[in-house]
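Notes for the structure review
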Amino acid sequence: MPPPPPAPAVRRHRLSLQLCFAIPGLALATWVTRTPDVRDRLGASTAEMGLVLSGMAVGSMLGILVAGALVARFATRPVVVAGMCSVLASVAVTALGAAAASAPLVAGGLFLIGAGMGLSEVASNVDGAVVEREYGRPVLPALHGCYSLGTVIGAVLGVAGAAAGLPVPWHLAAVLLLVTGLFGWALPGLRPGLGRADTGAGDAGTDADGGTDADGGTDADGRADADAPGGRGRRPYRDPKLLLIGGVVFAVTLAEGAATDWLPLLMVDGHDMPAGLGSAVYAGFAATMAVGRFAGGPVVTRLGRPAVLGGGALLTAAGIALVSFANSPAAAGCAVLLWGLGTALGFPLALSAAGESGPDTTARIALTSRIGYVALLAGPPLLGLLGERHGLRAAMLPVLLLALAAAALSPATGPRRTSRPGGDGSPNEGQPSGVDAPAGPAAR
């Protein structure tokens, strides 16, 4: 029997969450598509732009680290509001930085958007898990697809602004008005009280429905983590399987982040494209990611997570190789579509694999998420230094090699085997514990 239709408040909450996922994507893509113009206004070298871009990674890491505790203390709604306000402030600060040709101000704006995305991502995912349970069917993958859809809209607006010669500060000011209006509409639909830990719960963490989790973490489905007592004393970072999955996360996150940080500049500097066309190439990247995330569920169900992850990593490697080695701008632009499609499901599927890899689901997802953010933190300046010395096309070669490594490691993302009755308890003994899970709530 199908579940009853959701109440109006639940439907309204879902619409609000769709906007809360889309707004950061729209704001980020607006910045990305105008990076060539901002770079020219700042007069920054490739290495200096790498340092400017690292502001966003530092902010993201900080937001992710504090978001869980804030949700447990204040519930999700205030944390979502704080994250969205930080994203809105970032657009304003970046506009001021571009107008004043101030690299520190631009880096500060990127820090704010990173922090806002880190805060809102965690809180919005807790709300999304609640809505998913109330709907009785998967909702989170489509919510994350809304982020990618937001990047497409932002990229299209960026292309239009660049093609029209609209000054960056005025473009960002217009986008600020747009996203402020969207969030003003979304805010009343966010329900209060979700995700807050009960008073006196000690170190118990945040459950998706506002209760507490036995191991102090957040369950994706809002229930207590049944395996937490057995895993409480374990250290996930000592699990070889989880470390292999962490390697996949590092590689796929770096591949996605490299495109977000450098793709327009790579097209402009490496393939002599006009700034507007370089931004259009990024829009194509964002569009293929959105298509992959909205349509990838049936493919994962049919082929399995390791096959999809491995195939995606190979597509990513092929796309990066063509962008790096092809001398034809048209071929390089088309290859970006392979890059986007290949990375679309990498991060969500790898996080899903981490959550299934053993006891203490929350700690495992948290650990692998941090590995991903390390890639985002280290990637911009390192790729910038390589690009300064060897050119941005050559700077993508380490990303290509890591994508191939992710393909080789993809079998580790399969479900862990459970022990047979009377066995030695080895995690690889017995039959698979279940089918591949859908993309986890921390996906991007």
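Residues numbered from 1 in each chain as written. Predicted model: local features only at pLDDT ≥ 70, side-chain atom pairs only at ≥ 80, totals over all residues. Heavy atoms only, no water.

1. Here we look at the overall build of the protein chain
The following threshold applies: Only runs of H or I of at least four residues qualify as helices and only runs of E of at least two qualify as strands under DSSP, and these elements are numbered from the N terminus. The rule is simple: take the accessible area with a 1.4 Å probe, protein chains only, and divide by the maximum for that residue type; under 20% is buried, over 50% is exposed, in between is partly exposed. Contact definition: two residues touch when any of their heavy atoms are within 4.5 Å.
Helix and strand counts for the protein chain come out as 16 helices and two strands. For the protein chain, buried positions account for 56% of its 444 residues. Considering only contacts in the protein chain between residues 6 or more positions apart, those separated by 24 or more positions represent 77%.

2. A look at the pattern of salt bridges
For clarity, the threshold we go by: Salt bridge, as applied in this entry: a Lys or Arg side-chain nitrogen positioned within 4 Å of an Asp or Glu carboxyl oxygen.
Overall, the coordinates contain five salt bridges when judged by the stated rule. Across the salt bridge formed by arginine 34 and aspartate 37, the nearest N and O atoms sit 3.0 Å from each other. Aspartate 269 is the salt-bridge partner of arginine 39, the closest N and O atoms lying 2.9 Å from each other. One end of the pair, arginine 39, is in helix 2 (residues 35–42); the other, aspartate 269, is in helix 9 (residues 240–271), and 230 residues separate them in sequence. On the accessibility criterion, arginine 39 (12% relative accessible area) is buried. The network of salt bridges with shared partners includes Arg39, Asp40 and Asp269.

3. Notes on unusual backbone geometry
Here the phi dihedral of alanine 75 falls at roughly 80°; this positive angle occurs in a residue that is not glycine. Here alanine 75 is to be found in the loop between helix 3 (46–74) and helix 4 (76–100). The backbone of alanine 101 sits at a positive phi, close to 55°, despite the residue not being glycine. By relative accessible area, which is 41% here, alanine 101 ends up partly exposed.

4. Let's talk about the packing of aromatic side chains
For the record, the criterion: Note on aromatic contacts: the rings of Phe and Tyr and the six-membered ring of Trp form a pair at centre separations within 6.5 Å, being stacked when their planes are under 30 degrees apart, edge-to-face when over 60 apart, and tilted otherwise. Here, a charge over a ring is recorded when the distance from Lys NZ or Arg CZ to the ring centre is within 6 Å and its angle to the ring normal is within 35 degrees.
Evaluated as defined, the whole model comprises two aromatic pairs. Between tyrosine 282 and phenylalanine 285, the ring centres sit 6.1 Å apart and the planes meet at 25°, which makes this aromatic pair stacked. Within this pair, tyrosine 282 and its partner phenylalanine 285 are both found in helix 10 (residues 275–303), separated by three residues, close to a single helical turn. Residues tyrosine 282 and phenylalanine 285 agree in their burial class; the two are buried. Aromatic pair phenylalanine 285 and tryptophan 339: ring centres 6.2 Å apart, planes at 80°, arrangement edge-to-face. With a gap of 54 residues between them, phenylalanine 285 in helix 10 and tryptophan 339 in helix 12 (residues 329–343) connect regions that are remote in the sequence. Both residues of the pair, phenylalanine 285 and tryptophan 339, belong to the buried class. Here a set of aromatic residues connected by ring pairs shows up, and it is made of Tyr282, Phe285 and Trp339. Sitting over the face of the ring of tryptophan 185, arginine 12 holds its NZ or CZ atom 3.8 Å from the ring centroid.

5. A few points about the packing of helix 1 (residues 8–33) against helix 5 (residues 103–135)
To keep it simple, the criterion reads: Only the contacting stretch of a helix is used when fitting its axis, a line to C-alpha atoms as for every element, and angles between N-to-C directions run 0 to 180 degrees. Here the angle decides the label: under 35 degrees means roughly parallel, over 145 means roughly antiparallel, 65 to 115 means roughly perpendicular, and every other value means oblique. The handedness criterion is simple: a crossing whose near helix is rotated anticlockwise from the far helix by less than a right angle is left-handed, and one whose near helix is rotated clockwise is right-handed.
Where helix 1 meets helix 5, the closest approach of the two axes is 10 Å, and the angle between their N-to-C directions is 155°. Our classification of the angle between helix 1 and helix 5 gives roughly antiparallel. For the element pair helix 1 and helix 5, the recorded crossing hand is left-handed. Taking contact as the criterion, the partners of Val10, Arg11, His13, Arg14, Leu17, Cys20, Phe21, Pro24, Ala27, Leu28 and Trp31 in helix 1 are, on helix 5, Val106, Leu110, Ile113, Met117, Ser120, Ser124, Asn125, Asp127, Gly128, Val131, Glu134 and Tyr135.

6. Examining the confidence of the model for the protein chain
Test applied: pLDDT measures the predictor's confidence residue by residue and takes values from 0 up to 100.
Per-residue pLDDT for the protein chain averages 81, and the proportion of residues at 70 or more is 82%. Put simply, strand 2 (residues 212–213) is where the protein chain has its lowest mean pLDDT, 36, and helix 16 (residues 397–409) is where it has its highest, 96. Below a pLDDT of 50 lies the segment residues 199–233, which in the model reaches 84 contacts outside its immediate sequence neighbourhood of four places, other chains included. Within the model, the stretch residues 419–443 combines pLDDT values under 50 with 59 contacts to residues more than four positions away or in other chains.

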